[in-house]
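Residues per chain are reported as follows:
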Amino acid sequence: EPLEELTEKEWYLYFKEKKLPVVIVINTFGEPDSEEAVQLFREASYHLTEQIRTFATELPIFVDAKTGEEMALVRQMPENFELPFITGDLVGEDDTVMLVMPQDAQAPKGRLILPQVQTIRELLDKKCIVISVTPDKMKKALIQELKPPKLIITDSQVFQEVYENKPEESMLTSFSVLFAAYKGDLPYYVEGAKAIDSLTADSRVLIAECCTHAPLTEDIGRVKIPNMLRKRFGAEMKVDIVSGTDFPNDLRDYDLIIQCGGCMFNRRYVMSRIERAKAQEIPMTNYGVTIAHLTGILDKITM
(Lines give C-alpha, C1' and ligand atoms only; values in the text may rest on other atoms or scores of the structure.)
Protein backbone atom coordinates (compact mmCIF):
# COMPACT_ATOMS: atom_id res chain seq x y z
CA GLU A 1 0.00 0.00 0.00
CA PRO A 2 1.47 3.43 -0.91
CA LEU A 3 2.61 5.43 2.11
CA GLU A 4 0.67 8.43 0.82
CA GLU A 5 -2.49 6.59 1.85
CA LEU A 6 -1.29 5.56 5.30
CA THR A 7 -1.94 7.26 8.62
CA GLU A 8 1.78 7.22 9.43
CA LYS A 9 2.48 10.02 6.95
CA GLU A 10 -0.25 12.16 8.52
CA TRP A 11 1.26 11.61 11.96
CA TYR A 12 4.72 12.46 10.68
CA LEU A 13 3.56 15.75 9.14
CA TYR A 14 1.59 16.57 12.29
CA PHE A 15 4.63 16.11 14.55
CA LYS A 16 6.89 18.09 12.22
CA GLU A 17 4.36 20.93 12.18
CA LYS A 18 4.58 20.95 15.98
CA LYS A 19 8.40 21.00 15.68
CA LEU A 20 8.66 17.71 17.56
CA PRO A 21 11.51 15.30 16.82
CA VAL A 22 10.48 12.22 14.85
CA VAL A 23 12.06 8.78 14.62
CA ILE A 24 10.76 6.55 11.81
CA VAL A 25 10.84 2.90 12.83
CA ILE A 26 10.08 -0.13 10.64
CA ASN A 27 9.69 -3.51 12.33
CA THR A 28 11.16 -6.43 10.37
CA PHE A 29 9.76 -9.31 12.52
CA GLY A 30 12.86 -11.48 12.47
CA GLU A 31 15.55 -12.39 9.92
CA PRO A 32 14.58 -13.71 6.46
CA ASP A 33 14.91 -17.51 6.43
CA SER A 34 15.89 -18.01 2.75
CA GLU A 35 17.82 -16.35 -0.07
CA GLU A 36 14.55 -15.50 -1.78
CA ALA A 37 13.22 -13.91 1.41
CA VAL A 38 16.43 -11.93 1.81
CA GLN A 39 16.09 -10.56 -1.71
CA LEU A 40 12.44 -9.67 -1.17
CA PHE A 41 13.32 -7.96 2.09
CA ARG A 42 16.05 -5.87 0.43
CA GLU A 43 13.74 -4.81 -2.40
CA ALA A 44 10.91 -3.97 -0.01
CA SER A 45 13.26 -2.00 2.26
CA TYR A 46 14.62 -0.03 -0.67
CA HIS A 47 11.20 0.88 -2.08
CA LEU A 48 9.84 1.73 1.37
CA THR A 49 12.80 3.99 2.08
CA GLU A 50 12.38 5.74 -1.27
CA GLN A 51 8.70 6.40 -0.53
CA ILE A 52 9.58 7.83 2.89
CA ARG A 53 12.12 10.14 1.25
CA THR A 54 9.27 11.83 -0.65
CA PHE A 55 7.95 13.47 2.53
CA ALA A 56 10.51 12.93 5.32
CA THR A 57 14.03 14.16 5.97
CA GLU A 58 14.79 11.33 8.41
CA LEU A 59 15.73 7.87 7.17
CA PRO A 60 13.88 4.92 8.70
CA ILE A 61 15.45 2.67 11.33
CA PHE A 62 14.84 -1.03 10.69
CA VAL A 63 14.50 -2.93 13.96
CA ASP A 64 14.01 -6.60 14.74
CA ALA A 65 11.15 -7.05 17.22
CA LYS A 66 12.38 -10.55 18.00
CA THR A 67 16.03 -9.81 18.81
CA GLY A 68 15.79 -6.13 19.71
CA GLU A 69 18.50 -5.26 17.20
CA GLU A 70 18.92 -1.50 16.58
CA MET A 71 16.52 -0.56 19.42
CA ALA A 72 19.30 1.55 20.99
CA LEU A 73 19.02 3.92 18.02
CA VAL A 74 15.29 4.31 18.60
CA ARG A 75 15.82 5.35 22.23
CA GLN A 76 18.25 8.12 21.38
CA MET A 77 16.82 11.65 21.52
CA PRO A 78 17.46 13.46 18.22
CA GLU A 79 20.60 15.59 18.43
CA ASN A 80 20.34 19.15 19.77
CA PHE A 81 16.72 18.87 20.90
CA GLU A 82 17.52 18.81 24.61
CA LEU A 83 20.00 21.45 25.73
CA PRO A 84 23.05 19.96 27.49
CA PHE A 85 23.38 22.43 30.39
CA ILE A 86 21.07 24.55 32.51
CA THR A 87 23.80 27.14 32.98
CA GLY A 88 25.00 26.90 29.37
CA ASP A 89 28.53 28.23 28.94
CA LEU A 90 28.19 30.92 31.61
CA VAL A 91 30.55 29.17 34.02
CA GLY A 92 33.18 26.45 34.01
CA GLU A 93 35.62 24.64 36.27
CA ASP A 94 36.85 26.61 39.33
CA ASP A 95 34.35 29.46 38.78
CA THR A 96 32.52 30.54 41.94
CA VAL A 97 28.73 30.62 41.72
CA MET A 98 26.51 32.04 44.45
CA LEU A 99 22.95 30.75 44.78
CA VAL A 100 20.60 33.11 46.63
CA MET A 101 17.58 31.09 47.68
CA PRO A 102 14.78 32.44 49.89
CA GLN A 103 13.55 29.92 52.46
CA ASP A 104 10.15 31.48 53.09
CA ALA A 105 6.68 30.00 53.43
CA GLN A 106 6.74 29.04 49.75
CA ALA A 107 9.88 26.90 50.15
CA PRO A 108 9.15 23.23 50.96
CA LYS A 109 10.13 22.26 54.49
CA GLY A 110 13.26 20.14 54.74
CA ARG A 111 14.28 20.19 51.08
CA LEU A 112 15.11 22.36 48.06
CA ILE A 113 12.92 22.73 44.98
CA LEU A 114 13.82 20.80 41.83
CA PRO A 115 15.37 23.68 39.80
CA GLN A 116 17.71 24.46 42.70
CA VAL A 117 18.72 20.83 43.14
CA GLN A 118 19.32 20.30 39.41
CA THR A 119 21.34 23.51 39.12
CA ILE A 120 23.51 22.69 42.14
CA ARG A 121 24.19 19.19 40.80
CA GLU A 122 25.16 20.56 37.39
CA LEU A 123 27.52 23.12 38.94
CA LEU A 124 29.16 20.43 41.04
CA ASP A 125 29.58 18.26 37.93
CA LYS A 126 31.20 21.25 36.21
CA LYS A 127 33.56 21.44 39.22
CA CYS A 128 32.42 24.95 40.14
CA ILE A 129 32.66 26.36 43.67
CA VAL A 130 29.09 26.68 44.89
CA ILE A 131 27.98 29.02 47.67
CA SER A 132 24.36 28.81 48.83
CA VAL A 133 22.80 31.57 50.95
CA THR A 134 19.46 33.14 51.81
CA PRO A 135 18.95 36.79 50.75
CA ASP A 136 19.58 38.12 54.28
CA LYS A 137 23.03 36.47 54.36
CA MET A 138 24.12 37.52 50.88
CA LYS A 139 26.06 40.64 51.98
CA LYS A 140 27.88 38.75 54.74
CA ALA A 141 28.84 35.96 52.35
CA LEU A 142 30.19 38.46 49.80
CA ILE A 143 32.33 40.17 52.44
CA GLN A 144 33.89 36.84 53.39
CA GLU A 145 34.75 36.00 49.78
CA LEU A 146 38.16 37.18 48.56
CA LYS A 147 36.87 37.42 45.00
CA PRO A 148 33.33 38.24 43.79
CA PRO A 149 31.47 35.23 42.37
CA LYS A 150 31.45 35.02 38.59
CA LEU A 151 27.72 34.31 38.57
CA ILE A 152 24.87 34.82 41.03
CA ILE A 153 21.70 32.77 40.53
CA THR A 154 18.67 33.75 42.54
CA ASP A 155 14.98 33.17 42.91
CA SER A 156 12.98 35.53 40.70
CA GLN A 157 11.00 36.94 43.60
CA VAL A 158 14.12 38.58 45.10
CA PHE A 159 15.60 39.75 41.78
CA GLN A 160 15.55 43.43 42.72
CA GLU A 161 17.04 42.94 46.18
CA VAL A 162 19.87 40.74 44.89
CA TYR A 163 20.57 43.10 41.98
CA GLU A 164 20.95 46.05 44.33
CA ASN A 165 23.44 44.15 46.52
CA LYS A 166 25.48 42.22 43.98
CA PRO A 167 29.11 43.11 43.09
CA GLU A 168 29.41 44.97 39.81
CA GLU A 169 31.69 42.25 38.40
CA SER A 170 29.22 39.43 39.05
CA MET A 171 26.74 38.31 36.43
CA LEU A 172 23.15 37.88 37.64
CA THR A 173 20.39 35.55 36.52
CA SER A 174 17.63 33.46 38.08
CA PHE A 175 16.64 29.82 38.17
CA SER A 176 13.53 30.72 36.18
CA VAL A 177 15.47 32.51 33.44
CA LEU A 178 17.95 29.63 33.18
CA PHE A 179 15.10 27.16 32.87
CA ALA A 180 13.40 29.41 30.32
CA ALA A 181 16.31 28.67 28.00
CA TYR A 182 16.82 25.07 29.15
CA LYS A 183 13.16 24.07 28.77
CA GLY A 184 11.77 26.60 26.33
CA ASP A 185 12.59 29.54 24.06
CA LEU A 186 14.22 32.39 25.99
CA PRO A 187 14.40 34.92 23.10
CA TYR A 188 10.68 34.38 22.49
CA TYR A 189 9.96 34.92 26.20
CA VAL A 190 11.99 38.15 26.21
CA GLU A 191 10.11 39.38 23.14
CA GLY A 192 6.82 38.39 24.74
CA ALA A 193 7.64 40.40 27.86
CA LYS A 194 7.38 43.58 25.78
CA ALA A 195 3.62 42.98 25.64
CA ILE A 196 3.46 43.64 29.39
CA ASP A 197 3.78 47.38 28.74
CA SER A 198 0.64 47.30 26.58
CA LEU A 199 -1.58 45.71 29.23
CA THR A 200 -4.48 47.58 30.82
CA ALA A 201 -6.98 46.96 33.59
CA ASP A 202 -9.20 45.33 30.96
CA SER A 203 -6.53 42.86 29.82
CA ARG A 204 -6.71 39.14 30.49
CA VAL A 205 -3.57 37.21 31.47
CA LEU A 206 -3.03 33.46 31.76
CA ILE A 207 -0.63 32.14 34.40
CA ALA A 208 0.44 28.62 33.33
CA GLU A 209 1.99 26.48 36.05
CA CYS A 210 3.36 23.00 35.51
CA CYS A 211 3.23 22.00 39.18
CA THR A 212 0.02 20.87 40.84
CA HIS A 213 1.14 21.76 44.38
CA ALA A 214 -1.22 23.30 46.91
CA PRO A 215 -0.89 27.12 46.66
CA LEU A 216 0.73 28.93 49.58
CA THR A 217 0.32 32.48 50.83
CA GLU A 218 3.47 33.69 49.04
CA ASP A 219 3.07 31.63 45.86
CA ILE A 220 4.97 33.33 43.05
CA GLY A 221 2.61 32.38 40.22
CA ARG A 222 -0.73 32.52 42.01
CA VAL A 223 -0.07 35.48 44.30
CA LYS A 224 3.05 37.56 43.67
CA ILE A 225 2.95 37.99 39.87
CA PRO A 226 -0.82 38.68 39.78
CA ASN A 227 -0.35 41.24 42.55
CA MET A 228 2.50 42.92 40.67
CA LEU A 229 0.40 43.13 37.50
CA ARG A 230 -2.69 44.45 39.28
CA LYS A 231 -0.65 47.00 41.20
CA ARG A 232 0.65 48.42 37.93
CA PHE A 233 -2.39 48.06 35.67
CA GLY A 234 -5.41 47.99 37.97
CA ALA A 235 -7.12 45.69 40.44
CA GLU A 236 -9.76 44.78 37.85
CA MET A 237 -7.28 42.96 35.63
CA LYS A 238 -8.42 39.39 34.95
CA VAL A 239 -5.76 36.76 35.74
CA ASP A 240 -6.58 33.11 35.08
CA ILE A 241 -4.43 30.32 36.51
CA VAL A 242 -4.03 26.77 35.20
CA SER A 243 -1.78 24.01 36.51
CA GLY A 244 -0.45 20.65 35.40
CA THR A 245 -1.50 19.79 31.85
CA ASP A 246 -4.61 22.02 31.93
CA PHE A 247 -3.33 24.34 29.22
CA PRO A 248 -6.13 25.71 26.97
CA ASN A 249 -6.25 24.81 23.30
CA ASP A 250 -7.81 28.18 22.45
CA LEU A 251 -5.67 31.04 23.75
CA ARG A 252 -7.28 33.87 21.82
CA ASP A 253 -9.06 35.32 24.86
CA TYR A 254 -5.72 36.22 26.42
CA ASP A 255 -3.47 39.24 25.93
CA LEU A 256 -0.46 37.53 27.52
CA ILE A 257 0.59 34.08 28.76
CA ILE A 258 3.10 33.76 31.61
CA GLN A 259 4.61 30.27 31.81
CA CYS A 260 6.45 28.92 34.86
CA GLY A 261 10.00 27.59 34.61
CA GLY A 262 8.71 24.19 33.48
CA CYS A 263 11.03 22.15 35.70
CA MET A 264 8.43 19.36 36.05
CA PHE A 265 7.94 18.94 32.28
CA ASN A 266 10.39 18.11 29.52
CA ARG A 267 11.38 20.66 26.90
CA ARG A 268 9.31 18.94 24.24
CA TYR A 269 6.11 19.60 26.17
CA VAL A 270 6.96 23.21 27.02
CA MET A 271 7.84 23.87 23.37
CA SER A 272 4.43 22.51 22.33
CA ARG A 273 2.84 25.22 24.49
CA ILE A 274 5.07 27.85 22.91
CA GLU A 275 4.18 26.69 19.40
CA ARG A 276 0.48 26.87 20.26
CA ALA A 277 0.91 30.46 21.47
CA LYS A 278 2.91 31.38 18.37
CA ALA A 279 0.31 29.84 16.05
CA GLN A 280 -2.43 31.92 17.68
CA GLU A 281 -0.19 35.02 17.85
CA ILE A 282 -0.50 35.40 21.62
CA PRO A 283 2.54 36.89 23.42
CA MET A 284 4.14 34.50 25.90
CA THR A 285 6.81 34.94 28.54
CA ASN A 286 7.77 33.27 31.83
CA TYR A 287 7.96 33.98 35.55
CA GLY A 288 11.57 35.11 35.75
CA VAL A 289 11.47 37.26 32.62
CA THR A 290 8.19 38.84 33.78
CA ILE A 291 9.56 39.81 37.19
CA ALA A 292 12.81 41.12 35.69
CA HIS A 293 10.79 43.24 33.24
CA LEU A 294 8.40 44.55 35.89
CA THR A 295 11.31 45.51 38.17
CA GLY A 296 13.19 47.19 35.33
CA ILE A 297 16.29 44.98 35.31
CA LEU A 298 15.64 42.66 32.36
CA ASP A 299 18.39 44.32 30.35
CA LYS A 300 20.82 43.94 33.26
CA ILE A 301 20.60 40.17 33.82
CA THR A 302 22.64 37.50 32.09
CA MET A 303 20.86 35.18 29.64
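## Topic: the overall build of the chain
Scanning the chain from terminus to terminus reveals 11 helices and 10 strands. Each principal axis of the C-alpha distribution contributes one length, and for the chain these read about 80 × 50 × 35 Å. Of the roughly 16,800 Å² of accessible surface on the chain, a fraction of 52% belongs to carbon and sulfur atoms. Where the 35 positive side-chain charges of the chain centre and where its 48 negative ones centre are 8 Å apart.

## Considerations on the side chain of Lys-183
Within the element layout of this structure, Lys-183 appears in helix α7 (residues 175-183). When its relative accessible area of 11% is taken as the criterion, Lys-183 is described as buried. Other than its neighbours up to four places away in sequence, Lys-183 contacts Gly-261, Gly-262, Cys-263, Phe-265, Asn-266, Arg-267, Val-270 and Met-271.

## Description of unusual backbone geometry
Backbone geometry places Lys-127, a non-glycine residue, at a positive phi of 65°. Here Lys-127 is to be found in the loop between α4 (114-125) and β4 (129-133). Positive phi, normally seen in glycine, also occurs at Glu-281, with a value near 60°. Relative to the helices and strands, Glu-281 resides in the loop between α10 (267-279) and β10 (284-286). Take Glu-281: its relative accessible area is 72%, and that puts it in the exposed class.

## Some points on the nonpolar core
The biggest cluster of nonpolar side chains holds 55 residues, and the ones touching the most others in it are Met-98 and Leu-229. The element that contributes the greatest number of residues to this core is helix α11 (residues 287-294), accounting for 5 residues. The next biggest cluster of nonpolar side chains, apart from the first, holds 16 residues, and it includes Leu-90, Val-97, Cys-128 and Phe-175.

## Some points on a nonpolar patch on the surface
Nonpolar side chains collect at one region of the surface, where Leu-112, Leu-114, Val-117 and Met-264 lie side by side and expose about 310 Å² of accessible area between them. Note that Val-117 resides in helix α4.

## Observations concerning the pairing of strand β5 (residues 151-154)
Of the two faces of β5, the one lined by Leu-151 and Ile-153 and the one lined by Ile-152 and Thr-154 are each fully buried. Pairing analysis gives 4 bridges linking strand β3 (residues 96-100) to β5, with the strands arranged parallel. What sits directly across from Met-98, in β5, is Ile-152. For the handedness criterion, the β-α-β arrangement of β5, helix α6 (residues 159-165) and strand β6 (residues 171-174) is classed as right-handed.

## Focus on the environment of Leu-229
With respect to the helices and strands, the residue Leu-229 is situated in helix α9 (residues 220-233). In this structure Leu-229 comes out as buried when scored by relative accessible area, which is 0%. Along the backbone, Leu-229 and Leu-199 are 30 residues apart, and their C-alpha atoms lie at a distance of 8.9 Å. Beyond its immediate chain neighbours, meaning those up to four positions away, Leu-229 contacts Leu-199, Val-205, Gly-234, Met-237, Ile-258 and Leu-294.

Definitions and cut-offs
- Residues numbered from 1 in each chain as written.
- Predicted model: local features only at pLDDT ≥ 70, side-chain atom pairs only at ≥ 80, totals over all residues.
- Heavy atoms only, no water.
- Helix = DSSP H or I, 4+ residues; strand = E, 2+ residues; numbered from the N terminus.
- Areas by Shrake-Rupley, 256 points an atom, 1.4 Å probe, with all protein chains shown as cover.
- Lys, Arg positive; Asp, Glu negative; His and termini not counted.
- Charge placed at Lys NZ, Arg CZ, Asp CG, Glu CD.
- Buried < 20%, exposed > 50% of the residue type's maximum accessible area, 1.4 Å probe, protein only.
- Contact = heavy atoms within 4.5 Å.
- Core = buried A, V, L, I, M, F, W, Y, C linked by side-chain atoms within 4.5 Å.
- Patch = residues over 30% accessible without salt bridge, like charges linked within 9 Å, V, L, I, M, F, W, Y side chains within 5 Å.
- Salt bridge = Lys/Arg side-chain N within 4 Å of Asp/Glu carboxyl O.
- Pairing = 2+ DSSP bridges.
- Right-handed = clockwise from strand over helix to strand, strands pointing away.

Read these as layout, nothing more, since geometry by itself doesn't imply function.
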